[in-house]
Amino acid sequence: MRILVTGVGGQLGHDVMNELAARGQEGIGSDVAPTYSGIADGTAVTRMPYVQMDITDGEAVTRILSEIKPDAVIHCAAWTAVDLAEDDDKVAKVRAVNAGGTQNIANTCKVLDAKMLYISTDYVFDGMGETPWDPDCKDYKPLNVYGQTKLEGELAVSGTLERYFIVRIAWVFGVNGKNFIRTMLNIGKNHDTLRVVDDQIGTPTYTDDLARLLADMIETEKYGYYHATNEGGYISWYEFAVEIFRQAAALGREEYDASHLQVLPVTTAEYGESKAKRPYNSRLDKSKLRANGFEPLPVWQDALARYLKAIDADF
């Protein structure tokens, strides 16, 4: 199967390409940068084809995909700088990427009769209550520009194609980019006290694990909406931070030990509202995965341990 992957310069796209390479699939990476060589450790993505593509350029998308003729597209590219998206001078660009770019890809997938897998987010909901969001729930109430434009991307896919997967994820971390774990580790080096919110609840998603699921999914015809995060139970950002430092200390990094670093739980109100509103309830119901024969992701505690070992030299 020939699979085009967008956004390979990011955390998820990078890992999807490596997963396809490990399976012997014909993966072709794309991103807006002129070239992409992957991580400097010689990972599999460096050995796979790459094409520069600006997804906001409809003519370019049509031309490139028509030349490649993929059987499927895994669309990981997105504007994910949530707070920056709120700036008045950025809204049009965010919408051009998340909504317009997705529509461009969906249009060409329809012409080529290619499958499309679109990565979305829990931010399409209002983040209220305590009930996990069902993947087929249509009660959309985005809190911010990022969520609204990702929802517009979802609607572009579902309104254009019949052969599509929409996979919502949350709290993403991977080796090829910035994320909450790296932020905590960097801040923790130079502080003896940290304040982390404890009233926003969800589950982390390790891109290395998610990539395996997406590769499994794209090989099937089990189309529709799915939710995918790691297993291990719902937690707050505070609980996640505590476990990050506990595991880092267990790897021999004494500066993260509880005797050196105190993590304090605070409410969102106490911490101070960010520019973009964040959901309190990021709980995602993932039961549809198992119901359709897909293997759920490992528990997040194990995913965190593997991730910390993968980046051990960098923190």
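Structure: see above.
Notes on the structure in this doc start here. (Residues numbered from 1 in each chain as written. Predicted model: local features only at pLDDT ≥ 70, side-chain atom pairs only at ≥ 80, totals over all residues. Heavy atoms only, no water.)

## Quick look at the packing of aromatic side chains
- The final tally for this structure, using the stated rule, is 17 aromatic pairs.
- Consider the rings of Phe 180 and Phe 240, whose centres lie 5.6 Å apart with planes at 20°: the pair is stacked. Of the two residues, Phe 180 sits in helix H5 (residues 180-189) while Phe 240 sits in helix H7 (residues 237-250), which places them 60 residues apart along the sequence. By the burial criterion, Phe 180 is buried, and Phe 240 matches it.
- Its end group placed over the ring of Tyr 225, Lys 138 keeps NZ or CZ at 4.4 Å from the ring centre.
- One Lys or Arg, Lys 288, reaches over the ring of Tyr 226 and ends 5.1 Å from the middle of that ring. (Phe/Tyr/Trp six-rings, centres within 6.5 Å; stacked < 30°, edge-to-face > 60°. Helix = DSSP H or I, 4+ residues; strand = E, 2+ residues; numbered from the N terminus. Buried < 20%, exposed > 50% of the residue type's maximum accessible area, 1.4 Å probe, protein only. Lys NZ or Arg CZ within 6 Å of the ring centre and 35° of its normal.)

## Concerning the pattern of salt bridges
- Scanning all chains against the criterion turns up 21 salt bridges.
- A salt bridge links Arg 163 to Asp 113; the nearest nitrogen and oxygen atoms lie 3.3 Å apart. Of this pair, Arg 163 sits in the loop between helix H4 (145-160) and strand E6 (164-169) while Asp 113 sits in the loop between helix H3 (91-112) and strand E5 (115-121); the two residues are 50 residues apart in sequence, bridging distant segments of the chain.
- Each member of the salt-bridge network shares a partner with another, and the members are Glu 19, Arg 23, Asp 208, Asp 209, Arg 212, Asp 216, Glu 219, Asp 302 and Arg 306. (Salt bridge = Lys/Arg side-chain N within 4 Å of Asp/Glu carboxyl O.)

## A few points about the packing of helix H2 (residues 58-68) against H3
- The N-to-C vectors of H2 and H3 enclose an angle of 35°; their axes lie 9 Å apart at closest approach. Judged by the sense of rotation from one axis to the other, the crossing of H2 with H3 is right-handed. Contacts between H2 and H3 involve Gly 58, Val 61, Thr 62, Leu 65 and Ser 66 on the former and, on the latter, Asn 104, Ile 105, Thr 108 and Leu 112.
- Of the residues that constitute the contact of H2 with H3, the class distribution is 4 nonpolar, 5 polar and no charged. (Axes fitted to C-alpha atoms, helices over the stretch in contact; angles between N-to-C directions. Left-handed = near helix turned anticlockwise from the far one by under 90°. Contact = heavy atoms within 4.5 Å. Nonpolar A, V, L, I, M, F, W, Y, C, P; charged D, E, K, R; others polar.)

## Examining the environment of Glu 130
- Positionally, Glu 130 belongs in the loop between E5 and H4.
- Taking relative accessible area as the criterion, Glu 130 reaches 64% and is therefore assigned exposed.
- Sequence separation between Glu 130 and Lys 115 is 15 residues; the distance between their C-alpha atoms is 34 Å.
- Apart from residues lying up to four places away in sequence, Glu 130 is in contact with Asn 281 and Arg 283.

## Observations concerning unusual backbone geometry
- Positive phi is not limited to glycine here, since Lys 69 has a value of about 55°.
- For Lys 69, a relative accessible area of 55% puts it in the exposed group.
- With a phi close to 50°, Trp 171 is a non-glycine residue in the positive phi region.
- Here Trp 171 lies in the loop between E6 and strand E7 (172-173).
- Exposure remark for Trp 171: the relative accessible area of 10% places this residue in the buried category.

## As for the side chain of Lys 286
- With respect to the element layout, Lys 286 can be found in the loop between helix H8 (268-271) and helix H9 (287-291).
- The exposure class assigned to Lys 286 is buried, which follows from its relative accessible area of 13%.
- Setting aside residues no more than four positions away along its own chain, Lys 286 makes contact with Thr 203, His 227, Ala 228, Thr 229, Asn 230 and Glu 231.

## Quick word on the nonpolar core
- Ranked by size, the top nonpolar core spans 63 residues in total, and within it Ile 181, Leu 185 and Phe 240 carry the most contacts.
- Sorting elements by how many residues they give to this core places H7 first, with 7 residues.
- Residues in contact with Leu 185, not counting those within four places in the same chain, are Ile 244, Phe 245, Ala 248, Tyr 256, Leu 308, Ile 311 and Phe 315.
- Core analysis: the second largest hydrophobic core is formed by 28 residues, Val 16, Met 48, Cys 76 and Phe 165 among them. (Core = buried A, V, L, I, M, F, W, Y, C linked by side-chain atoms within 4.5 Å.)

## Topic: the side chain of Gln 200
- You can see Gln 200 is positioned in the loop between strand E8 (193-197) and strand E9 (201-202).
- Here the side chain of Gln 200 touches Trp 237 through a polar contact of 3.4 Å, side chain to side chain.
- A distance of 3.0 Å separates the side chain of Gln 200 from the side chain of Thr 268, its partner in a polar contact.
- Those residues in contact with Gln 200 that lie beyond four places of it in its chain are Trp 171, Ile 235, Ser 236, Trp 237, Thr 268, Arg 278, Pro 279 and Tyr 280. (Polar contact = N/O pair within 3.5 Å; in protein donor to acceptor, adjacent residues only side chain to side chain.)

## Considerations on the pairing of strand E2 (residues 26-31)
- Summarising burial for E2: 5 of the 6 residues are buried, a large majority.
- Here 5 bridges tie strand E1 (residues 2-6) to E2, and the two strands are oriented parallel to one another. In the strand pairing of E2, Arg 2 is matched with Glu 26.
- Crossover E1 to E2 through helix H1 (residues 11-23) is right-handed.
- Looking at chain direction, E2 and strand E3 (residues 50-52) are connected through 3 bridges and run parallel. Within the sheet, the bridge partner assigned to Gly 29 lies in E3 and is Tyr 50. (Pairing = 2+ DSSP bridges. Right-handed = clockwise from strand over helix to strand, strands pointing away.)

## Comments concerning the sheet that holds strand E4 (residues 72-75)
- Read from one edge of the open sheet, 7 strands run E3-E2-E1-E4-E5-E6-E11, paired in parallel fashion. The sheet terminates laterally at E3 and strand E11 (224-227), the two strands that pair on one side only. For this sheet, the mean angle separating the axes of adjacent strands, direction not counted, is 20°.
- As paired elements, E4 and E5 share 4 bridges and run parallel to each other. When the bridges of E5 are listed, His 75 appears paired with Tyr 118.

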